[in-house]
Amino acid sequence: MENVIQQILNGISLGSIYALIALGYTMVYGILRLINFAHGDIYMMGAFLGYFALGLWNFSFPIGLLFAMGGAAVLGIIIERFAYRPLRLAPRISLLITAIGVSFLLENLMVLWVGASPRPFPQKIPLQIYFIGDIVVTNRQIIIVLVSITLMFLLQFIVLKTKVGKAMRAVSFDKETALMMGIDIDKVISLTFAIGSSLAAAAGVLVGLYFNKIDPYMGVMPGLKAFVAAVLGGIGIIPGAMLGGFILGIAEVLVSAFISSTVRDAVAFVILILILLIRPSGILGKYMREKV
Amino acid sequence: MRILEVSNLSCAFGGLMAVANLDFYVEEKEILGIIGPNGAGKTTVFNLITGFYPPLRGEIIFKGKNIERLKPYEITRLGIARTFQNPRLFKQLTVMDNVRIAMHKVHNVHILDTLLRGSKFLEEEKIQEEKAREILEFFHLYERRDEIAQNLPYGEQRRLEIARAMATNPILLLLDEPAAGMNPYEAKELINLISYIRDKFNITIILIEHHMEVVMEICERIIVLDYGMKIAEGKPEEIRNNPKVIEAYLGREEESVIS
Amino acid sequence: MKRNYLLLILIIIFLVYLGRLARGLNPYFYQILVFWGINSILAMSLNLINGFAGQFSIGHAGFMAVGGYFSSALSVYHGERFISLLNFLPLNIAQIVVFFVFLLLGGLFSAILGLIVGIPTLRLKGDYLAIATLGFGEIVRVTILNLDIVGGPRGFPGIPQRTDLSWVIFWFIICLLVIRNIIFSSHGRAIISIREDEIASETMGINTTFYKVLAFIIGAFFAGIAGGLFAHYLMMLHPSSFTFFRSVEILLMIVLGGMGSITGSILGAFILTVLPEALRGFTYLRLVIYSIILIGIMLLRPQGIMGGKEFSPLIIKKIYARVKENENTRSK
Ligand SMILES: Nc1ncnc2c1ncn2[C@@H]1O[C@H](COP(=O)(O)OP(=O)(O)OP(=O)(O)O)[C@@H](O)[C@H]1O
Ligand SMILES: [Mg+2]
């Protein structure tokens with residue numbers, strides 16, 4: 001029993017990482033109906049920005065985190081501006097292929113630059129271990145969960161309470177009407193990429209802290225899995241992304257603890273195929289029939 | 001004989017009843033008009049008949065057979081063809097291919113014969129091309145056969161859509177606002193075409209249309225929808241003077257002025 | 001009619017014989033030809049799914065892996081037994097027969113998997129399908145990693161070398177003919193109409209689910225065959241050959257050549273076979289260049305080199321005939 005609780009706690013830490021990445025997917029999908037394949041690589045870039053800030057320039061952890069988030073936001077805006085925007089009217093398939101191209105480009109540019117082998121992440125926060133009965137919790141886990149939840153609440157606040165957030169919701173609901181209401185769609189889309197990217201970067205830095213290892217390909221799997229999390233919760237729905245992230249994190253940790261760690265990477269995809277078959281709109285999503 | 005009979009048909013989207021307890025029928029060889037203000041549920045009726053939306057409840061009987069649970073392609077094969085409010089041509093393909101695709105169910109050679117390019121295949125290809133030519137000639141599109149569909153002028157695109165629907169060899173043809181976006185002259189031409197099709201191919205037609213002249217001129221009977229319900233039914237002159245119909249249209253007109 | 005078949009068979013025999021002769025070539029050059037052929041099969045089969053049926057699948061490496069591992073496992077564990085069963089034949093003929101059957105079984109196994117995966121996932125639209133097929137590819141890879149009988153993460157060595165250029169040419173022609181004959185037929189037009197507008201296609205009386213699944217199965221079959229050829233050429237397999245990168249590489253071939261063009265796929269396969277050779281030693285630079293090409297094409301020429309058209313002497317003849325016909329009608 002303790003073991004199960006222990007694993008669930010570990011799953012929550014992992015899940016909050018997935019949730020942070022999934023938020024970016026969901027926001028971009030909500031607005032552009034695009035699976036931004038490069039999103040996982042922005043998470044990787046975030047981790048490296050954090051690596052430079054903390055390791056090379058010796059920033060403190062919070063400043064390093066903010067730096068990585070800001071840098072990734074700029075990167076997200078640039079990618080959208082130069083790779084996706086020219087294709088906004090093109091067939092969806094072109095957009096998807098471009099996104100795959102951007103993802104490959106980021107990964108391999110990083111390999112050219114820093115090499116493919118993993119690097120240790122600067123450990124700015126000394127590890128502390130707390131015991132609650134037989135259950136082990138580390139301060140890093142606590143930081144991950146706290147930072148993630150804070151960011152998620154911040155995002156909810158922005159989306160629900162601010163003017164930008166309203167504009168974002170309007171654009172994702174109906175682009176034409178939003179345009180007629182005088183909303184600058186390009187700006188809203190840029191902003192969405194900026195916010196989504198900065199959340200992914202935060203996840204990247206937190207993962208560096210947690211697993212102490214980063215490399216240029218680190219974004220591939222978590223990126224795909226976070227997408228699964230977004231679909232699981234209901235794509236385009238912000239609380240859905242969080243829910244999906246936590247469920248996926250916990251499921252994965254439980255499977256690798258109690259079944260086999262080698263099938264761990266398949267869990268997400270099995271969940272994906274199941275959810276698409278049983279409830280394609282996701283847990284919190286509403287079913288929308290295609291208009292004929 | 002009633003070729004299509006719809007009873008108690010309903011369909012909802014979220015909380016919105018797009019079609020509510022609708023009853024109507026079509027006689028063989030008749031041209032039935034469906035009119036109503038924007039959002040009245042006309043297109044939804046077509047989508048229900050052709051199997052794109054499952055009905056919430058109610059029955060659709062075509063030639064004595066319940067079709068409300070069938071898939072769209074099965075319904076086409078039974079003999080119901082349709083056009084769309086916004087033309088849905090195979091835009092990147094030629095005019096000829098657009099029509100030939102519609103003949104798919106009529107001419108279908110076994111896949112093995114196709115792979116081996118057997119004599120049956122070659123024969124059928126020839127027959128198909130011949131029939132496609134006939135149809136294109138009938139619709140005055142044969143000259144355009146190698147043109148890419150999306151490069152046709154708008155009026156011809158609409159004509160091609162009807163041609164393509166006819167190529168499926170229907171008994172019942174559903175036309176969703178075929179005259180939309182046409183000038184009076186083109187609309188007039190279309191009226192002639194529609195009645196001509198009916199007589200020449202001996203089919204039944206249901207027509208959704210906003211151009212009142214079109215509807216009044218060629219429909220033998222009209223039903224009027226408003227908020228998914230049938231508010232009137234009758235001959236064109238009866239509909240023209242029906243106060244309920246006038247109110248439905250006028251009431252909505254004011255709203256549309258505001259928005 | 002009969003004469004056409006005969007001609008075709010003669011051409012195939014001639015080309016396969018050419019493959020024999022090519023053994024005298026420089027081995028490096030020979031290998032490039034083999035890989036070009038295998039890549040062409042992969043690209044043409046993916047093009048049927050993506051370019052013609054318009055279903056965005058990015059799990060092709062998964063099908064390749066399934067066919068490759070399955071036929072290799074047969075060769076490694078049952079090859080000798082089946083060859084000795086055919087001891088009334090000369091040894092090399094027996095080897096050919098057994099290899100052919102195993103390759104076919106690999107393709108069929110992959111096709112069956114295509115059916116099982118296709119039926120549920122092809123209900124999904126565009127990007128969801130992409131992710132589902134990607135997920136499928138990953139599930140295949142993880143499964144292989146956990147299958148001890150085929151070596152798991154260590155790789156699967158000891159596969160007999162059976163593939164040569166003749167085999168590749170043979171399957172290349174079969175694949176080309178099958179896909180071409182389907183595309184230029186009523187069935188093919190049905191498949192293409194799904195890409196153009198699925199709802200309209202359904203309205204034309206086309207069972208779109210059937211045709212999507214059909215395209216998927218045929219694509220999976222040939223990917224499986226390509227996997228088998230690949231395995232029996234290299235004599236060993238490794239799960240790392242079948243990652244998402246491999247799927248993207250195949251995707252790149254058809255994007256480059258042009259979605260919906262069979263000859264484009266062959267051209268794209270050629271470029272992606274030769275390019276890595278030109279960039280040998282610059283692995284990562286190569287991948288960077290791949291990505292730039294991918295993005296560049298989408299931004300500048302999304303229809304690819306061939307732009308959905310075919311290059312073939314037949315087409316030229318057809319156009320010529322059309323022109324003639326028009327002239328005739330005009331002169332009348
Ligand atoms: N797939 C759908 N999802 C949600 N709502 C829908 C869907 N299809 C139709 N509706 C709604 O159902 C109502 C009826 O729509 P319908 O298209 O049938 O109207 P219509 O009479 O054809 O109008 P118009 O004259 O504008 O074509 C509308 O309010 C429409 O918004
Ligand atoms: Mg309508």
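Analysis parameters
Residues numbered from 1 in each chain as written. Chains lettered and ligands numbered in written order. Predicted model: local features only at pLDDT ≥ 70, side-chain atom pairs only at ≥ 80, totals over all residues. Heavy atoms only, no water. Helix = DSSP H or I, 4+ residues; strand = E, 2+ residues; numbered from the N terminus. Buried < 20%, exposed > 50% of the residue type's maximum accessible area, 1.4 Å probe, protein only. Contact = heavy atoms within 4.5 Å. Areas by Shrake-Rupley, 256 points an atom, 1.4 Å probe, with all protein chains shown as cover. Pairing = 2+ DSSP bridges. Near = heavy atom within 4 Å. Polar contact = N/O pair within 3.5 Å; in protein donor to acceptor, adjacent residues only side chain to side chain. Nonpolar A, V, L, I, M, F, W, Y, C, P; charged D, E, K, R; others polar. Phe/Tyr/Trp six-rings, centres within 6.5 Å; stacked < 30°, edge-to-face > 60°. Lys NZ or Arg CZ within 6 Å of the ring centre and 35° of its normal. Buried area = accessible area lost by both parts, 1.4 Å probe. Salt bridge = Lys/Arg side-chain N within 4 Å of Asp/Glu carboxyl O. Domains from an automatic or database assignment. Right-handed = clockwise from strand over helix to strand, strands pointing away. Axes fitted to C-alpha atoms, helices over the stretch in contact; angles between N-to-C directions. Patch = residues over 30% accessible without salt bridge, like charges linked within 9 Å, V, L, I, M, F, W, Y side chains within 5 Å. Core = buried A, V, L, I, M, F, W, Y, C linked by side-chain atoms within 4.5 Å.

### What about the overall build of chain B?
Within chain B one finds 10 helices and 10 strands. Overall, the C-alpha framework of chain B stretches about 65 × 40 × 35 Å when taken along its three principal axes. Of all 259 residues assigned to chain B, the portion counted as buried reaches 55%. Look at the contacts in chain B between residues 6 or more apart in sequence, and 67% of them connect residues 24 or more apart. When the accessible area of chain B is evaluated, it comes to approximately 11,700 Å², of which 51% is carbon and sulfur surface.

### Looking at the pairing of strand E1 (residues 129-132) of chain A
Where a strand is regular, its side chains alternate between the two sheet faces. Residues and elements named next belong to chain A. With four bridges connecting them, E1 and strand E2 (residues 135-138) associate as antiparallel partners. Bridging from a neighbouring strand, isoleucine 132 pairs with isoleucine 135 of E2. Joining the antiparallel neighbours E1 and E2 is a turn of two residues, in which glycine 133 adopts a positive phi near 65°.

### Concerning the site of ligand 1
Around ligand 1 there are 17 residues in total, and Gly39(B), Lys42(B), Thr43(B), Thr44(B) and Gln85(B) lie nearest to it. Residues within reach of ligand 1 are spread across chains A and B. In this structure, Asn38(B) approaches ligand 1 through a side-chain N or O atom, which is 3.0 Å from an oxygen atom. Residue Thr43(B) places a side-chain N or O atom 2.6 Å away from an oxygen atom belonging to ligand 1. Here ligand 1, which alone exposes 640 Å², has 77% of that area covered by the protein. It is helix H1 (residues 42-49) of chain B that contributes the most residues to the shell around ligand 1, three residues altogether. Residue composition of the shell around ligand 1, by class: five nonpolar, seven polar and five charged.

### Regarding the packing of aromatic side chains
What the rule picks out here adds up to 39 aromatic pairs over all chains. Centre to centre, the rings of Phe70(C) and Phe109(C) are 4.2 Å apart; their planes meet at 10°, and the pair counts as stacked. Of the two residues, Phe70(C) sits in helix H3 (residues 60-85) while Phe109(C) sits in helix H4 (residues 91-121), which places them 39 residues apart along the sequence. For Phe70(C), a relative accessible area of 29% gives the class partly exposed. Given a relative accessible area of 34%, Phe109(C) falls into the partly exposed group. The aromatic ring of Tyr25(B) is capped on one face by Arg2(B), whose charged end is 3.7 Å from the ring centroid.

### Things to note about the interface of chain C and chain A
If you look at the interface, chain C gives 36 residues, while chain A gives 44 residues. Roughly 3,600 Å² of surface becomes buried between chain C and chain A when both sides are summed, with 82% attributable to carbon and sulfur atoms. Looking only at chain C, the three residues that lose the most surface to chain A are Asp127(C), Tyr128(C) and Ile131(C), adding up to 18% of its buried area. At the junction of chain C and chain A, the tally comes to zero salt bridges. Run the count over chain C and chain A and you get one residue pair in polar contact (both at pLDDT 80 or more).

### Regarding the domain arrangement of chain B
Residues and elements named next belong to chain B. Considered domain by domain, chain B is made up of domain 1 (1-79 + 172-259) and domain 2 (85-169). Computed over C-alpha atoms only, the centres of domain 1 and domain 2 are separated by 27 Å. In this complex, domain 1 contributes 19 residues to the contact, which on the side of domain 2 involves 13 residues. Between domain 1 and domain 2, a total of about 1,400 Å² is buried, with carbon and sulfur atoms accounting for 73% of that surface. The largest contributions to the domain 1 side of the interface with domain 2 come from Arg77, Leu193 and Phe201, which together make up 29% of the buried area. Viewed at the interface, domain 2 and domain 1 are joined by zero salt bridges. For the pair domain 1 and domain 2, the interface holds four residue pairs in polar contact (both at pLDDT 80 or more). Looking at the side of domain 1 that touches domain 2, the elements that each hand over two or more residues are helix H2 (72-78), strand E7 (172-176) and helix H7 (184-201). With seven residues, H7 is the largest single contributor of residues to the side of domain 1 that touches domain 2. In the side of domain 1 that touches domain 2, the residues fall into 11 nonpolar, three polar and five charged.

### Section: the pairing of E7(B)
All names here are of chain B. Counting buried residues along E7, five of its five residues qualify, which places the element largely inside the surrounding structure. Here E7 shows a buried face lined by Leu172, Leu174 and Asp176 and a second buried face lined by Leu173 and Leu175. The pairing of E7 with strand E8 (residues 204-208) spans five bridges and is classified as parallel. By the bridge assignment, aspartate 176 is partnered in E8 with isoleucine 208. The parallel pair E7 and E8, bridged by H7, forms a crossover whose chirality is right-handed.

### Details of the sheet that holds strand E1 (residues 2-13) of chain B
Residues and elements named next belong to chain B. Spatially, E2-E1-E4-E5 is the arrangement adopted by the four strands of the open sheet, whose pairing is antiparallel. The open sheet terminates on both sides in strands that have one partner only, identified here as strand E2 (16-27) and strand E5 (65-66). Sheet topology places E1 next to strand E4 (residues 57-62); five bridges connect them, and they run antiparallel. If you follow glutamate 5 over to E4, its bridge partner there is isoleucine 61. The sheet contacts of H1 involve E1, E2 and E4, and relative to E2 the element is tilted by about 70°.

### Things to note about a nonpolar patch on the surface
Residues Leu109(A), Leu112(A), Phe282(C), Tyr284(C) and Leu285(C) make up a contiguous nonpolar surface patch of roughly 430 Å² in combined accessible area. Tracing the backbone shows Tyr284(C) in helix H12 (residues 283-300).

### Considering the nonpolar core
The biggest cluster of nonpolar side chains holds 252 residues, and the ones touching the most others in it are Phe37(A), Tyr84(A) and Phe139(B). Per element, the largest residue contribution to this core is 16 residues, and it comes from helix H9 (residues 208-234) of chain C. Two domains share this core, each providing at least three of its residues, namely domain 1 (1-79 + 172-259) and domain 2 (85-169) of chain B. Counting residues in each nonpolar core, the second largest holds 31 residues, with Val45(B), Leu48(B), Ile75(B) and Leu172(B) among its members.

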